[in-house]
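# Structure at a glance
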Amino acid sequence: MNTIAIFGSYVLSRRDGAQEVLCDHWVLLEGRRIAAVTRDRPSAAEVFDRPGRFVLPGLMNLHNHCFSEAVARTHTEDGNGRRNNQSIVYTVLLPLTKRGADLLSPQERLAIARLGILQLLKGGATTVMEPFRNTIPEMFDAAEEMGIRFYGAPYLFSTSDAKAGPDGVVCYAGDDGQADMDTWNALYQRWNGRGDGRIGLAMSPHATDTCGPDLLRACAARARELDIPITTHLAQSQAEVATIGSRHGGRTPAEYLDWLGLLAPDFMAAHCIASTDNDLRLMAAKGATVLNCPRVFARSGVTAAFSRFAEHGVRTVVGTDGYNMDLLGELNAASMISKIASARADVANAPDLIESVTATAAAVIKRPDLGTIAPGATADLTVVDLTHPHLQPLFDPRRGLVALGNRANIDQVIVDGRVLIDAGRYIHGDETAMISAASAAIGKIWDLPEAQAAFNG
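Structural notes, computed from the coordinates. Everything numeric in this text was worked out from a predicted model, so none of it was measured. (Residues numbered from 1 in each chain as written. Predicted model: local features only at pLDDT ≥ 70, side-chain atom pairs only at ≥ 80, totals over all residues. Heavy atoms only, no water.)

## Things to note about the environment of Gln-412
- Tracing the sequence through the fold places Gln-412 in strand β18 (residues 410-415).
- Put simply, Gln-412 and Leu-121 are 291 residues apart on the chain and 9.1 Å apart in space, counted from C-alpha to C-alpha.
- Contact partners of Gln-412, with chain neighbours within four places excluded, come to Ile-6, Phe-48, Arg-50, Leu-381, Thr-382, Val-383, Val-419, Ile-421 and Asp-422.
- A distance of 3.0 Å separates polar atoms of two side chains, one belonging to Gln-412 and the other to Asp-422. (Helix = DSSP H or I, 4+ residues; strand = E, 2+ residues; numbered from the N terminus. Contact = heavy atoms within 4.5 Å. Polar contact = N/O pair within 3.5 Å; in protein donor to acceptor, adjacent residues only side chain to side chain.)

## A few points about the packing of aromatic side chains
- Using the criterion set out here, one finds 9 aromatic pairs in the structure.
- Ring geometry for Phe-140 against Phe-150: centres 5.6 Å apart, planes inclined by 80°, an arrangement best described as edge-to-face. Of the two residues, Phe-140 is situated in helix α4 (residues 138-146) and Phe-150 in strand β8 (residues 149-156); the sequence distance between them amounts to 10 residues. For the pair Phe-140 and Phe-150, a shared accessibility class is recorded, and that class is buried.
- The interplanar angle of 10° and the centroid separation of 5.3 Å between the aromatic rings of Phe-140 and Trp-191 together place this pair among those described as stacked. Taken together, the positions of Phe-140 in helix α4 and Trp-191 in helix α5 (residues 177-191) put the pair 51 residues apart, joining distant regions of the chain.
- Given a relative accessible area of 0%, Trp-191 falls into the buried group. (Phe/Tyr/Trp six-rings, centres within 6.5 Å; stacked < 30°, edge-to-face > 60°. Buried < 20%, exposed > 50% of the residue type's maximum accessible area, 1.4 Å probe, protein only.)

## Quick notes on helix α17 (residues 449-456)
- Ala-451, Ala-454 and Phe-455 are the residues of α17 that are buried. Down the axis of α17, the sector holding all buried residues measures 95°, keeping them to one side. In α17, those exposed residues whose orientation departs by more than 90 degrees from the buried face are Pro-449 and Asn-456.
- The secondary structure elements touched by the buried residues of α17 are α1 (66-72), α2 (89-103) and α16 (431-446). (Arc of directions from axis to C-beta.)

Structure below.
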């Protein structure tokens, strides 16, 4: 059994259910478990004695899109690709990921998947929940190979060919629900529990406007049969709200899901930016979770404030949505955007935001062994170097982490007691080769005429 001792000038522990920052402690790992948190230097096969580090429970990113964000990267900034300043979901992301998944070889899709996992790890995440098209199963291969804790969430659609026309109006075509459920079940049989238990599946009907009642009910029933999380996109645009209202008797997207029995403690809703206050109160009452991804909306001039969801009593966690995949940077954005939106300095404070990607996230997916540093917990750790000049002098490490930290400060990422990132670098592969292979694959999608039309329309 491999043993690792890590010194932390600061270690984020817990006492009586609340965060506690310990100074000058060691964390001892034995195999895949945390064995001790102690002041005294323990004996171990590997010793990392680096003062100035903040040892955190492994950070958890419960909403991310590796493939689609790579397709859009640097093309959709500054409003590019947005028709009438509307969402790029139906102009860029869905149509081009569908086309790209069909166009590329399995090895090319794997290259893009590896690039995404590399970014997640270097951004500090030990766990990710990753919704993606079920025609990109290579996401599982990359996750198993590279060592991240991975909750794959292959999409299910009632209509997988939703796309916006030249006028920006979304058209919905096809009936793919049963085929997608069959594919999901096959992926579950193949992948769930792989990688010594690191690989799991979540149920991921794509969105309220691309999934009809029968499919959503079937998704919920299957997920609850298997006791796995359910996640979808909810109220991510006013157009989605209008579509659901016209189809389902004036219901909002949240009311639609509640009508179908999905709103519950096992349900995670990404974005919710077009949710009403009543919607949020309903979600809070049903115990559902909001997956807040503030930066991806900020780039289009839309506020997605962590504080708004939290103040309505909704359990709220922070994810990256694939945008930059820098979890520390996302926490900083969640803090700043909330403060601006509420005109208050005390909302979305550092302890609450850190909690959202550690203990709260672990509770959402029913993993009390994650999100904490304590004897017996799973050995997932994120270690941050606080010695950089922009973090010194330092009084409060949690405030420093959220207000000033970013991915450049990630020193180590450890999953299941295995060091994946050390001194900021992935140590089990050639980063340069990974980046080059993925960039070449994405370039094939960018060269497509429909891609040029989507980006420049």
